[in-house]
Amino acid sequence: FYGVLDTLWIGALLVLFHALLMRWVAVTRRRLRMEELMSALNEGEAPEDGMIEDQDANLIDVSVETTQLINMAFVALSAVTLFYIWSPLLPAFDAFSKVTLWTSNTVVDGETLSNEISLAMLIIVFVLAGLTLYAARKLPALIDLVLRSRTSVSASARYTVSTLLNYVIVGGGIVAGLSALGLQWSQLQWLVAALGVGIGFGLQEIIANFISGLIILFERPIRIGDVVSTGDKDGVVTRIRIRATTIRDWDGKELLVPNKEFITGRLLNWSLSDPKVRLVLPVGIAYGSNVELALKSLLEMVTAHPRIVDDPEPQIVFESFGDNALHLSARCHLDSLE
């Protein structure tokens, strides 16, 4: 009777908490969408249809991932709660701990210790592995949605936090799984030694790229959304992974660059500390034209454009005498690369 009452009132609390979380996700998504639209309107320009679709799709993906994570967490919490309440009536689970799959012996300080791996321990490891993989995929989306509600957090900072959280979840899951199997450091020394030999012979590039990826996330010489030039390629940074960074060029092609190249090689970041960029517009006019009028017209056109900044001031200069034209140039700064 007490088990039924506990199940009813705990179930009611869980359902109420789940409804509140789902309502929070819906309200947060609508508020973020409204803030993006109002920000675009305050700048004096109507947002383009493609930009609206991309931003809306991004918010939808984040909210869907968050909803799935909340639902999975709700199911897991309900299962744990029911197991805790009705565990006295489920003696069958004790039988799994009595089924020994294999036994390992370890010598510690001259004493032989026996470690039995039971079926229950193996089930726990599989459950931990499943939860780790699911949390590594869904939990960063929840953190991204929370950070989106804070206007002071940039997109690159959100990406850094989500990526590092993914690494922490995977690392914690591996440690928890090994601990559930009862493995100790003395049993893993041979594995660490084998990894050391492998790193020395063939994995040094992979490890170097992984460490370089961590340096990029912490030092942030490049960020998500930055326009960079590496080698003979230009593009926008779209993703920073363990081994490589993805750069999308102006034709929509994606280039995978090993992280090591950004740390040890030369890199041109167009928007690292200042989003302003200079535009040099060459203009040719025919011989015999009014050069002063041409210079004045160029200055008026550049000054009147809403995206041209006043500091630094635009410069209109006469470059040279060409073969077929007089070469002029308008040098001005835009407020952003977009």
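Note that the coordinates shown come from a computational prediction; the quantities given were computed from them, not determined experimentally.

Visitor: Explain the overall build of the chain to me, please; I cannot follow it from the model alone.
Guide: Across its full length, the chain carries 8 helices and 10 strands. The contacts in the chain between residues at least 6 apart in sequence include a share of 59% that link residues at least 24 apart. In the form shown here, the chain has an accessible surface area of approximately 22,000 Å², with 64% of it arising from carbon and sulfur atoms.

Visitor: What should I look at first to understand the pattern of salt bridges in this one?
Guide: Under the counting rule described, the total for this entry stands at 5 salt bridges. The salt bridge partner of aspartate 226 is arginine 223, with a shortest N-O separation of 3.0 Å. The salt bridge involving arginine 307 is made with aspartate 335; its shortest N-O contact spans 3.1 Å. With arginine 307 in the loop between helix H8 (291-304) and strand E9 (315-321) and aspartate 335 in the segment after strand E10 (326-334), the pair connects residues that are 28 residues apart, well separated along the chain.

Visitor: In this structure, what is going on with the environment of arginine 158? I would like to understand it.
Guide: Structurally, arginine 158 can be placed in helix H5 (residues 155-180). Sequence-wise, arginine 158 and aspartate 144 are 14 residues apart; in three dimensions their C-alpha atoms are separated by 5.9 Å.

Visitor: Explain the side chain of aspartate 226 to me, please; I cannot follow it from the model alone.
Guide: Relative to the elements of secondary structure, aspartate 226 occurs in the loop between helix H6 (185-219) and strand E3 (227-230). Of note is the side chain of aspartate 226, whose polar atom sits 2.9 Å from the backbone nitrogen of arginine 223. Reaching out from aspartate 226, the side chain makes a polar contact with the side chain of asparagine 269 at a distance of 3.1 Å. If we skip the residues at most four places from it in the chain, aspartate 226 touches Gly235, Val236, Val237, Asn269 and Ser271.

Visitor: Which parts of the structure should I look at to understand H5?
Guide: Along an α-helix, residues three or four positions apart point the same way, because every turn accommodates 3.6 residues. With 26 residues, H5 extends 37 Å from end C-alpha to end C-alpha; this agrees with the ideal 38 Å at 1.5 Å per step. Taken together, the buried positions of H5 are Ser156, Ala157, Arg158, Tyr159, Thr160, Ser162, Thr163, Ile169, Gly173 and Gly177.

Visitor: What's the story with a nonpolar patch on the surface in this structure? I'm lost.
Guide: Judged by side-chain polarity, Leu203, Ile206, Ile207, Ile211, Ile215 and Ile263 come together as a nonpolar surface patch covering roughly 430 Å² of accessible area. The element contributing the most residues to the nonpolar patch is H6, with 5 residues. Along the chain, leucine 203 turns up in helix H6. When its relative accessible area of 33% is taken as the criterion, leucine 203 is described as partly exposed.

Visitor: Could you clarify how one ought to interpret the packing of aromatic side chains in this entry?
Guide: Pairs of aromatic rings are described using the distance from one ring centre to the other and the angle between the two planes. Summed over all chains, the structure comprises 3 aromatic pairs. Centre to centre, the rings of tyrosine 167 and phenylalanine 210 are 6.0 Å apart; their planes meet at 55°, and the pair counts as tilted. Placement of tyrosine 167 in helix H5 and of phenylalanine 210 in helix H6 is noted, with a sequence separation of 43 residues between them. Residue phenylalanine 210 is classed as partly exposed on the basis of its relative accessible area, which comes to 27%.

Visitor: In this structure, what is going on with the sheet that holds strand E6 (residues 254-258)? I would like to understand it.
Guide: Either a parallel or an antiparallel arrangement is found when strands of a sheet pair, and the pairing is made through backbone hydrogen bonds. What the 5 strands build is an open sheet, ordered E6-E5-E4-E3-E7; its pairing is antiparallel. Of all strands in the sheet, those with a lone pairing partner are E6 and strand E7 (268-269), marking the two edges.

Visitor: Please clarify how the sheet that holds E9 should be interpreted in this entry.
Guide: Spatially, 3 strands are ordered E8-E10-E9 in an open sheet, and the strand pairing comes out antiparallel. Looking at which strands have only one partner, the edges of the open sheet turn out to be strand E8 (277-285) and E9. Going from strand to strand, the sheet's axes swing by 25° on average, the running direction of each strand aside. Pairing analysis gives 6 bridges linking E9 to E10, with the strands arranged antiparallel.

Visitor: Help me understand the confidence of the model for the chain, please; the structure alone is not making it clear to me.
Guide: Segments scoring low in pLDDT should not have their predicted coordinates read at a detailed level. Chain-level statistics for the chain give a pLDDT mean of 76 and a share of 73% at 70 or above. Contacts for the low-pLDDT stretch residues 46-57, under 50 throughout, to residues beyond four places or in other chains number 9 contacts.

Visitor: Could you clarify how one ought to interpret the side chain of serine 336 in this entry?
Guide: Tracing the backbone shows serine 336 in the segment after E10. Taking the relative accessible area as the measure of exposure, serine 336 reaches 18% and is therefore buried. Only 3.5 Å separates the side chain of serine 336 from the side chain of arginine 307, close enough to count as a polar contact. When sequence neighbours within four positions are dropped, the list of residues in contact with serine 336 reads Pro275, Val277 and Arg307.

Visitor: Looking at this model, I keep getting lost on unusual backbone geometry. Mind explaining?
Guide: Residue proline 312 is reached from aspartate 311 by a cis peptide bond, and omega for that bond is 0°. With respect to the helices and strands, proline 312 occurs in the loop between H8 and E9. Positive phi, close to 60°, is recorded for arginine 220, a residue that is not glycine. Judged by its relative accessible area of 28%, arginine 220 is partly exposed.

Basis of the calculations
- Residues numbered from 1 in each chain as written.
- Predicted model: local features only at pLDDT ≥ 70, side-chain atom pairs only at ≥ 80, totals over all residues.
- Heavy atoms only, no water.
- Helix = DSSP H or I, 4+ residues; strand = E, 2+ residues; numbered from the N terminus.
- Contact = heavy atoms within 4.5 Å.
- Areas by Shrake-Rupley, 256 points an atom, 1.4 Å probe, with all protein chains shown as cover.
- Salt bridge = Lys/Arg side-chain N within 4 Å of Asp/Glu carboxyl O.
- Polar contact = N/O pair within 3.5 Å; in protein donor to acceptor, adjacent residues only side chain to side chain.
- Expected span 1.5 Å × (residues − 1).
- Buried < 20%, exposed > 50% of the residue type's maximum accessible area, 1.4 Å probe, protein only.
- Patch = residues over 30% accessible without salt bridge, like charges linked within 9 Å, V, L, I, M, F, W, Y side chains within 5 Å.
- Phe/Tyr/Trp six-rings, centres within 6.5 Å; stacked < 30°, edge-to-face > 60°.
- Pairing = 2+ DSSP bridges.
- Axes fitted to C-alpha atoms, helices over the stretch in contact; angles between N-to-C directions.
- pLDDT = per-residue confidence, 0-100.

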